[in-house]
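# A closer look at the structure
What follows is the residue order along each chain.
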Amino acid sequence: MTPDTNSPTPVKPKTPFHDLDHFVAIPRLSGLAVNADGTRLVTSVATLNSKCNAYVSALWELDPEGNSPARRITRSAKGESGAAFLVNGDLLFTSTRPDPENSDEDPVSALWKLPAQGGEARIVHSRRGGVQGVVAARKADAAVVVAEVLAGSSDEKDDDERRKARKEAGVEAILHTGYPVRHWDADLGPAEPRFFVVEEGEQEALKPATVDEQPQLALCNVTVGMGTSLRNNSPCISPDGAVIITGQTVPTGKGDQRTVLVRIDSATGDRTVILDSPDYDYDAGPVSPDNSTVVVVISRRTGPTTPPDVKLGLLPVNGGPLAPLAADWDAWPSPAAWLPDGSGLIVTADDDGASPVFTLDVATGAVRRVTQDAASYTDVVVSPDGATAYALRSSYEFPPEVVRIDLASGTVTPLPGPVERPALSGRLERVDTTGEDGHPVKSYLVLPAGAGGSSPAPLLLWIHGGPLGSWNAWTWRWSPWLLAAKGYAVLLPDPALSTGYGQKMIERGWGAWGDAPFTDIMAATDAVVARPDIDESRTAAMGGSFGGYMANWVAGHTDRFNAIVTHASLWALDQFGPTTDASFYWEKEMTPEMALANSPHAHVEKISTPMLVIHGDKDYRVPIGEGLRLWYELLSKSALPADANGETDHRFLYFPDENHWILKPQHAKIWYGVVEHFLARHVLGEKVEVPAELGL
Ligand SMILES: CC(=O)N[C@@H](C)C(=O)N[C@@H](C)C(=O)N[C@@H](C)C(=O)O
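Because the structure is a prediction, the values reported are computed rather than measured.

## What to know about the pairing of strand β16 (residues 243–253)
Judged from the two bridges that link them, strand β15 (residues 236–237) and β16 form a sheet pairing that is antiparallel. In the strand pairing of β16, C236 is matched with I245. Following β15, the chain reverses through five residues before pairing antiparallel with β16; G241 in that reversal takes a positive phi of roughly 75 degrees. The turn joining β16 and strand β17 (residues 256–265), which pair antiparallel and follow one another in sequence, is formed by two residues; a positive phi near 55 degrees is taken by K254.

What follows is the structure, encoded as C-alpha cells:
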C-alpha cells in the first residue's frame, strides 16, 4: 500500500498537558483493597474506551513488595469496580458486563467473584435492581452487599416482579412523601438501599447439574423496613462478621434530618440505636480487631453561628459510653483502619495543603504524623503485621498512585503501577500571605515554564468549592497544568472556610461568605501579582460550585480581572437554598439575612467583566436555575448587558447531559477548549478558535 503523504505525522506533545487528547487519555486510579495475608493489592484503573467517549474501569493487581510489575486482572467493555477480598482470598467486585450464561436480560450491575486459585471471574449474584457495592469482613468468611429494593416490595421475588412491571409500563414517575428527592445527579426513589448478608446459595433441586455448575450466592436482607434511612450510609462490618455498624438517617421534621448510629446483628437483623443526639451526626468507622469497639466520626450539627466540627470517638459495640479520642487535636480526622494489635488507628486529615497519614494511640489519644510529604493519602489499608500501610497518594504534582508506607519510619515508596507519572508543564510553589485580620492564608502557585521577570505570566485565580475543602490533591476536573501549558500561572488559594488550617479558619468564614473568604482570596492575589514573574495586567478569576459562587461574588465586587469563568455556580442564594438537593445542609447556615447579605445576584448591576457561565442541566447540587438566572441577569441587568443587536461579551457553555461534573471525555475537551478560547480573547487579547465540535 502507498503511504498517505498528505496526512500529518502525529507528533508526541511535550507533555500530556499540551494536548487535550493525551490529557483525557491518562489512566485514572481509584480505590484499594488488600487481601487478608497482605500479599495482594488491587486497585481500579479507568481508561478511555475505544470510541474515546467514556471511561471504563478495570481491576489491576500490584505487588505489595514492589518487585513485580502491575498486571490487569479483569477485562470487559463494561468495566469492573468496588473490589473486596473475602478472607479466603477470592475477590468480589461489581460489574455491568453481560452474564455469559444469560444473555437475554439487560445487563445490570451484578456481583462477580474472581477465585483466589485463578481462573475466570463469574457472576455470583444478579438481581434486576442491580448491586451497588460490597464490603467483606477482615477475619471471617462474611460479606455485606448494598443493593436497592422498591419501597413497596415485600421480598426479592416481589421486587423483581414490580421492577419488571414498572419497566414494561415505561413508568419513571416517583411519588415522594419525604425529603430529599434528589442527590447530585440521581433521582431518589422509588428504590431504597438495603444491606444484604451474603450466604451460600442452594443448587436448584430439579435442574440437571453440569460439570462446573455452581449455585449463585444468596442475599439475605438484614435491614428490612429501614425505608430511606440508609441512603448515603455505608455498612461497616466487624472483623468476625457478626455485626454491621452504620449511620441511619432519620427525619427531624420540617425537611431536616440527622444521622444516628445503629448496630445490626448480621445473623438476625436485630438492630439497636447505639448513638443518638440532637446536636451531633454520627458515622461508623472500622471496628477494632477484637470486635469490641467501633470508631465513630462525630460531626457537630451546624447553625447560623455554629460552624461544623468533626471529632472521633470510641464506642463499645455492645453498648457503653462514647469516649472522645484525640479531642484536642485541631483537625477533622477521617478513620481508615485499626492497627492489627488494636493499639491505634490509622487516620487521614487535611493539614496545611496536604492530607497526610497519622496514627492515633487509642489509650492516650497521642497523634503521630506518619507521612511527611505535601501529598494527600486516601484509601489507606494496613498489612496484617501492622508494619506497613498501602494507600493512594496524590498531590498537585502527580495523580493518584499506589504507595507502600513504612508506619514506623514514615518512608513512602511508590509501587510499580499501571502508569508512569506524567511530565508536568511547569512547576509548583507554596505562597504564604495574611488576610485582612492578620490570619495566615496559604496557596499553591503553578508557574508555566519560562515565567520570569522578563516574561511575566498571565495569572488565573482558581477558587475551590465546598467551601469546606482545600486545594490539596490532584484533580482531573480542573487541571492547572493544562493552562500552564498555554503559558498561564494558576493561583490556588485556601481562604477562610478551607480545611486543614484549624477550626479558627472555618469560624472566620462561617455565615459570612462575602467577607473573609473573599478578602483572603484577594490578599493571595495581591501577594502573587506583586511578583516579577506574574503580569498583573492580564488576569482572570475562575471557580466551580462554591468556587463559582465566589467567582460571581468577585465579579460583583471588583473589576480587577479581565475575565471571569464561573462553573456550576451559586448565584441567587434565596433560590439556591431551597432548590439544591440537600437544602437542610445549607439552610442551617443560610438564614434569610445571611442569604441576602452574601448573594452575588444582588450585585449584578456592578458586573462589568466578561463572564463565561458554564452549567450542566443534570446538576442537582447546584441546579440549572442558578446558571439560567445568572445568564439572563448578566444580559439584562449587568453593567455589561447585551447590546441592541443582542451581542454580548459574555458566553454560556451549556451541557444538556452533564451534571455537577463534566464526566464525558469529549465534553471535558470542549470545557477546556472553550475556557482557553475565552481566556485568550479577554486576558491575552488573542484569537483561539472554539472547538470545531461545537458546530459554530
Ligand atoms: C451537601 C453539600 O452541598 N455539600 C457541599 C460539600 C457541596 O456539595 N458543595 C458544593 C456547592 C460544592 O462547592 N462542591 C465542590 C466540592 C465542588 O467542587 O463541586
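Continuing now.
## Considerations on the UniProt feature "domain: Peptidase S9 prolyl oligopeptidase catalytic" (unreviewed entry) in the protein
Those residues carrying the UniProt feature "domain: Peptidase S9 prolyl oligopeptidase catalytic" (unreviewed entry) are residues 474–683 in this numbering. Secondary structure over residues 474–683 splits into 42% helix and 16% strand, and the C-alpha atoms at its two ends are 26 Å apart.

## What to know about the pattern of salt bridges
Across all of its chains, the model carries 38 salt bridges by this definition. D520 is paired through a salt bridge with R508; the nearest N and O atoms lie 2.8 Å apart. Residue D520 is located in helix α5 (residues 516–529), and its partner R508 is located in the loop between α4 (503–507) and α5; the two are separated by 12 residues in the primary sequence. Each member of the pair, D520 as well as R508, carries the same accessibility label: buried. Salt bridges sharing common partners tie together R127, E156, D159 and R163.

## Some remarks on the sheet that holds strand β22 (residues 323–325)
If you trace the four strands from one edge of the open sheet to the other, you get β19-β20-β21-β22, paired in antiparallel fashion. With one partner strand each, in any of the chains shown, β19 (280–287) and β22 form the two edges of the open sheet. The mean inter-strand angle of the sheet, taken between neighbouring strand axes irrespective of direction, is 35 degrees. Looking at chain direction, β19 and strand β20 (residues 293–300) are connected through six bridges and run antiparallel.

## So, the site of the ligand
In the vicinity of the ligand, the residues found are W184, G465, G466, R477, S545, F546, Y585, W586, R621 and H660. Interatomic distance of 3.0 Å between a side-chain N/O atom of R477 and an oxygen atom of the ligand. For the ligand, an oxygen atom lies 2.8 Å from a polar atom in the side chain of H660. Considering the ligand on its own, with 470 Å² of exposed area, one finds that the protein chains cover 78% of that surface. Tallied by class, residues from the shell around the ligand come to four nonpolar, four polar and two charged.

## Some details on the packing of aromatic side chains
Two descriptors summarise a pair of aromatic rings, namely the distance from one centre to the other and the angle between the planes of the rings. With the rule as written, the count across this model stands at 23 aromatic pairs. With a centroid separation of 6.0 Å and 55 degrees between ring planes, the pair formed by F17 and W474 is classed as tilted. With F17 in the segment before α1 (20–24) and W474 in the loop between β33 (457–463) and α3 (480–484), the pair connects residues that are 457 residues apart, well separated along the chain. Across the pair, exposure class does not vary: F17 and W474 are buried alike. Here the aromatic rings of W671 and Y672 are separated by 5.0 Å at their centres, their planes lie at 75 degrees, and the arrangement is edge-to-face. Under the relative-accessibility criterion, W671 is labelled buried at 3%. The class for Y672 is buried, based on a relative accessible area of 7%.

About the thresholds
Residues numbered from 1 in each chain as written. Predicted model: local features only at pLDDT ≥ 70, side-chain atom pairs only at ≥ 80, totals over all residues. Heavy atoms only, no water. Pairing = 2+ DSSP bridges. Helix = DSSP H or I, 4+ residues; strand = E, 2+ residues; numbered from the N terminus. UniProt positions renumbered as here; feature names shortened; annotations may be inferred. Salt bridge = Lys/Arg side-chain N within 4 Å of Asp/Glu carboxyl O. Buried < 20%, exposed > 50% of the residue type's maximum accessible area, 1.4 Å probe, protein only. Axes fitted to C-alpha atoms, helices over the stretch in contact; angles between N-to-C directions. Near = heavy atom within 4 Å. Polar contact = N/O pair within 3.5 Å; in protein donor to acceptor, adjacent residues only side chain to side chain. Areas by Shrake-Rupley, 256 points an atom, 1.4 Å probe, with all protein chains shown as cover. Nonpolar A, V, L, I, M, F, W, Y, C, P; charged D, E, K, R; others polar. Phe/Tyr/Trp six-rings, centres within 6.5 Å; stacked < 30°, edge-to-face > 60°.

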